[in-house]
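Below, each chain spelled out in residue letters.
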Amino acid sequence: MTDTGPAHTSVPAWDLPTRAFHWTLLALIVWAWVSVSFAEALGDTTLVYHRINGLTILTLIVWRILWGFTGSSTSRFAGFVRGPTTVASYAGALLRGRAARYLGHNPMGGLMVLALLATIATIGSLGLFAVDDNDLVGGPLYRLVGESQNIRLTRLHDQIFYNLLLPLVMLHIAVNSIYTLVKKDPLIQAMVTGRKPAIEYADAPRAALASVGRALIVLVVAAAIVLGGILALGGSLRL
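These numbers were taken from a predicted model, which means no experiment stands behind them. (Residues numbered from 1 in each chain as written. Predicted model: local features only at pLDDT ≥ 70, side-chain atom pairs only at ≥ 80, totals over all residues. Heavy atoms only, no water.)

All right, on to the overall build of the chain then. Secondary structure summary: the chain contains eight helices and two strands in total. The helix and strand sequence of the chain, counted from the amino end, reads β-α-α-α-α-α-α-α-β-α. Structurally, the chain occupies a C-alpha span of about 55 × 40 × 35 Å along its principal axes. Here the chain, with 239 residues, has 41% of them falling under the buried criterion. The long-range share in the chain, meaning contacts at least 24 apart out of those at least 6 apart in sequence, stands at 72%. (Helix = DSSP H or I, 4+ residues; strand = E, 2+ residues; numbered from the N terminus. Buried < 20%, exposed > 50% of the residue type's maximum accessible area, 1.4 Å probe, protein only. Contact = heavy atoms within 4.5 Å.)

Encoded structure:
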């Protein structure tokens, strides 16, 4: 279908499922901190909210990994994961103010996406074995390891969140803000509207978008992998 009206000056960049994933994940990361830091004020002494949040995040991460192979062109790993030579070349061009524009993630942005996905997946996986400070409740798989391991994995769960994930998120926000405000590359707006200006891009002139229906099927598969995997390992989904 040909773009008409004002839309002819812009082209599709991000599909709706990818945009929904992005903002939902950000909200869930914030809620992960709130739900455990203010559990008593929320009347949630057994961390039900936090545990549901963790399972939801893990499901979304698995969904995003699957979507990286089955989703729209700009969402696929093949479309933005590049080798070290390309990343280094882009970084050099960026420092000289000559970096090409990308419709999807640029080579350095692709590395950030992988780092965030890996970090969040690690935190969520550790949470499956974590216990609370009073040892009253634990993640779905906490009974599969010993008490000392529970404590160690819980500590790692917290340390990676505060010492790695939060700095990565702040860096991600800062860089995207700089690109948007200084380089006039509307990265943030595009993740809201799904569109970018119709100019020449280094990767593709426009995105080939996958359907929302496909995304929902992938979401069901992701939930089955997470929840079914926990049960298959002998864990419990009881809240």
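Let us look at the packing of helix α2 (residues 48-70) against helix α5 (residues 107-127). At a closest axis distance of 9 Å, the pairing of α2 and α5 adopts a crossing angle of 140 degrees. By crossing handedness, the relation of α2 to α5 is classed as left-handed. Within the contact between the two elements, α2 uses I57, L58, I61 and R64 and α5 uses L117, I120, A121, G124 and S125. The class makeup of the residues in the contact of α2 with α5 is six nonpolar, two polar and one charged. (Axes fitted to C-alpha atoms, helices over the stretch in contact; angles between N-to-C directions. Left-handed = near helix turned anticlockwise from the far one by under 90°. Nonpolar A, V, L, I, M, F, W, Y, C, P; charged D, E, K, R; others polar.)

This brings us to the environment of P17. By the element assignment, P17 lies in helix α1 (residues 16-37). Spatially, the C-alpha atom of P17 lies 8.6 Å from that of L216, the residues being 199 residues apart in sequence. Sequence-distant contacts of P17, that is, excluding residues within four places in its chain, are made with W63, W67, V212 and A215.

The next thing to look at is α1. The terminal C-alpha atoms of α1, which comprises 22 residues, lie 32 Å apart, in line with the 32 Å expected from a rise of 1.5 Å per residue. Residues of α1 that are buried include every one of P17, T18, R19, F21, L25, L28, I29, A32 and S35, and no others. If you follow the buried residues of α1, they end up packed against α2, α5, α6 (147-181), α7 (187-193) and α8 (212-232). The N-cap residue of α1 is D15: its side-chain oxygen and the backbone nitrogen of T18 are 2.6 Å apart. (Expected span 1.5 Å × (residues − 1). Polar contact = N/O pair within 3.5 Å; in protein donor to acceptor, adjacent residues only side chain to side chain.)

Of note, W23 is situated in helix α1. Taking relative accessible area as the criterion, W23 reaches 35% and is therefore assigned partly exposed. Through-space distance from the C-alpha of W23 to that of G54 is 16 Å; in sequence the pair is 31 residues apart.

With that settled, the discussion passes to the confidence of the model for the chain. On average, residues of the chain score 94 in pLDDT, and 96% of them reach the 70 mark or higher. Counting interchain partners and residues more than four positions distant, the pLDDT-below-50 stretch residues 1-7 has five contacts. (pLDDT = per-residue confidence, 0-100.)

What follows is about the nonpolar core. F21, L25, I61, W63, I120 and L165 are the most contacted members of the largest nonpolar core, which totals 35 residues. When contributions to this core are tallied by element, the ones reaching two or more residues are α1, α2, α3 (77-80), α5, α6 and α8. Looking at this core, the element that brings in the most residues is α2, giving eight residues. Grouped together as the second largest cluster of nonpolar side chains are eight residues, A13, L103, A190 and A207 included. (Core = buried A, V, L, I, M, F, W, Y, C linked by side-chain atoms within 4.5 Å.)

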